[in-house]
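So you can see what is in the structure, the chains are spelled out below.
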Amino acid sequence: MPEFREYIEEILNNVSCPKEEKEDLKAELFDHLMLLKEEYLKKGYDEKEAVDLAIKDFGNKDFLKEELKDAVHPLTRTIKILVNISFGLYSLVVIQILINPIIAANTILSKIKGIDPTLHGGRRTITLGISEYPPFNLVPFRTIYDFIIRYNHMNFDIWFYNLFGNIILFLPLGFMLPLISGKLGDMKLRTVVKISALASLTIEILQLVAFVGIFDVDDIILNLLGAVLGYYMFKLAAKGVNVLKQSFKETSI
């Protein structure tokens, strides 16, 4: 029934809840409307009259919107506030990670991260304890491959920082972006990837222009991997929450 679906869409348009739960609400509201319609059909009303009366009896759209906002996930607003605060703190941590090397002297940075900026033939290069790199790498998987095959020739901290640090850094981003989106949990993977790619590219450019690291396409790849993993962790957590909610509903009936 297009009239029912349009009516339901208007009611749920501004209700923030996970997509799966919104679909359940749509189905539940539709079933109620169909029952009302069937009652009016039994009373002798024609199809159009039964539909109109069912919608009228169901209630005012604006009133139902407000009721559903309060009824669906009473803690949704609190959760979103906490997520926004967490995202703000996460952003501050990322900014601090970017700013600290800029403030610190290059010699101190070298000791902390094992990066030794040197000049060779008038060209700035970066020494990572195993070989010398120019201040940028545009060859995908070159650095990753180098670190994997030469892991036993370098300090573990350097190896772990360069391979897994970028993944870990973007895990929270992939997890939290769907949570802070306008419609809770509706953000698509491609949107997360686009935002993460832009953020990673910005970081790499800042590192290059500030002379605190190299522009490495592999860093972007690892950042995106972290964001994707974070996104699927969110999806898994969302499914778990929905299962718990369903169990709670069944036990409370």
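Procedures and definitions
Residues numbered from 1 in each chain as written. Predicted model: local features only at pLDDT ≥ 70, side-chain atom pairs only at ≥ 80, totals over all residues. Heavy atoms only, no water. Helix = DSSP H or I, 4+ residues; strand = E, 2+ residues; numbered from the N terminus. Buried < 20%, exposed > 50% of the residue type's maximum accessible area, 1.4 Å probe, protein only. Contact = heavy atoms within 4.5 Å. Areas by Shrake-Rupley, 256 points an atom, 1.4 Å probe, with all protein chains shown as cover. Expected span 1.5 Å × (residues − 1). Arc of directions from axis to C-beta. Phe/Tyr/Trp six-rings, centres within 6.5 Å; stacked < 30°, edge-to-face > 60°. Lys NZ or Arg CZ within 6 Å of the ring centre and 35° of its normal. UniProt positions renumbered as here; feature names shortened; annotations may be inferred. Core = buried A, V, L, I, M, F, W, Y, C linked by side-chain atoms within 4.5 Å. Patch = residues over 30% accessible without salt bridge, like charges linked within 9 Å, V, L, I, M, F, W, Y side chains within 5 Å. Salt bridge = Lys/Arg side-chain N within 4 Å of Asp/Glu carboxyl O. Lys, Arg positive; Asp, Glu negative; His and termini not counted. Charge placed at Lys NZ, Arg CZ, Asp CG, Glu CD. Polar contact = N/O pair within 3.5 Å; in protein donor to acceptor, adjacent residues only side chain to side chain.

Side note on the overall build of the protein
Point 1. Check the secondary structure of the protein and you find 10 helices and 5 strands.
Point 2. Expressed as a percentage of its 253 residues, the buried residues of the protein come to 36%.
Point 3. Partitioning the intrachain contacts of the protein with sequence separation of at least 6 by distance along the chain shows that 61% fall at a separation of at least 24.
Point 4. Counting only carbon and sulfur atoms, one obtains 66% of the accessible surface of the protein, whose full area is about 15400 Å².

Describing helix α9 (residues 189–209)
Point 1. Between the first and last C-alpha of α9 there are 30 Å, a value that for 21 residues agrees with the 30 Å anticipated at 1.5 Å per step.
Point 2. What α9 keeps buried is the set Val 192, Ser 196, Ser 200, Ile 203, Glu 204 and Gln 207. Within α9, the buried residues cover an arc of 95° as seen down the axis, which keeps them to one side. The exposed set on the far side of α9, more than 90 degrees from its buried face, consists of Arg 190, Lys 194, Leu 198 and Val 209.
Point 3. Remark: Phe 211 follows α9 within two positions and exhibits a positive phi of approximately 55°.

Details of helix α3 (residues 47–58)
Point 1. Helix length check: α3, at 12 residues, gives a terminal C-alpha distance of 17 Å against a target of 16 Å (1.5 Å per residue), a fit within 8%.
Point 2. Listed in full, the buried residues belonging to α3 are Ala 50, Val 51, Ala 54 and Ile 55. For α3, the angular spread of the buried residues around the axis is 130°, confining them to a single face. Projecting away from the buried face of α3 at angles above 90 degrees are the exposed residues Lys 48 and Lys 56.
Point 3. Tucked into the core, α3 has its buried residues touching α1 (2–12) and α2 (19–42).

Side note on the packing of aromatic side chains
To describe a pair of aromatic rings, one takes the distance between the centres and the angle between the planes.
Point 1. Throughout the structure, instances matching the rule amount to 10 aromatic pairs.
Point 2. A ring pair is formed by Phe 156 and Trp 159, whose centres lie 5.7 Å apart and whose planes are at 35°; its orientation type is tilted. Residue Phe 156 and its partner Trp 159 are located together in helix α8 (residues 156–180), separated by 3 residues, close to a single helical turn.
Point 3. Take Phe 156: its relative accessible area is 53%, and that puts it in the exposed class.
Point 4. Here a set of aromatic residues connected by ring pairs shows up, and it is made of Phe 156, Trp 159, Phe 160 and Phe 164.
Point 5. Taking NZ or CZ as reference, Arg 5 lies 4.4 Å from the ring centre of Phe 30, over its face.

Digging into the UniProt feature "transmembrane region" (unreviewed entry) in the protein
Point 1. Under the feature "transmembrane region" (unreviewed entry), the UniProt entry names residues 87–109, 158–180, 192–214 and 220–238.
Point 2. With 100% helix and 0% strand, the stretch residues 220–238 has end C-alpha atoms that lie 27 Å from each other.

Here's the deal with the nonpolar core
Point 1. Ranked by internal contacts, the top residues of the largest apolar core, which has 15 residues, are Phe 4, Tyr 7, Ile 8, Ile 11, Leu 12 and Leu 68.
Point 2. Filtering out sequence-adjacent residues up to four positions away, Leu 12 remains in contact with Lys 22, Leu 25, Lys 26, Leu 29 and Leu 68.
Point 3. Counting residues in each nonpolar core, the second largest holds 13 residues, with Leu 98, Met 176, Leu 177 and Ile 203 among its members.

Description of the environment of Ile 158
Point 1. In this structure, Ile 158 sits in helix α8.
Point 2. The class for Ile 158 is buried, based on a relative accessible area of 12%.

Brief notes about a negative patch on the surface
Point 1. Where like charges cluster on the molecular surface, the negative patch consists of Glu 20, Asp 24, Glu 28 and Asp 31.
Point 2. Along the chain, Asp 31 falls in helix α2.

Focus: the side chain of Asp 219
Point 1. Relative to the assigned elements, Asp 219 resides in helix α10 (residues 217–252).
Point 2. Here Asn 166 takes part through its side chain, which lies 3.0 Å from a polar atom of the side chain of Asp 219.
Point 3. If we ignore the near neighbours within four places in the chain, the residues touching Asp 219 are Asn 166, Ser 200, Glu 204, Gln 207 and Ile 214.

Details of unusual backbone geometry
Point 1. Located in the positive-phi region is Phe 141, a residue other than glycine, with phi close to 70°.
Point 2. On the secondary structure map, Phe 141 appears in the loop between β4 (136–137) and α7 (142–149).

Focus on the side chain of Asn 223
Point 1. Relative to the helices and strands, Asn 223 resides in helix α10.
Point 2. A polar side-chain atom of Asn 223 sits 2.6 Å from a polar atom in the side chain of Ser 200.
Point 3. Excluding residues within four positions of it along the chain, Asn 223 makes contact with Asn 166, Phe 170 and Ser 200.

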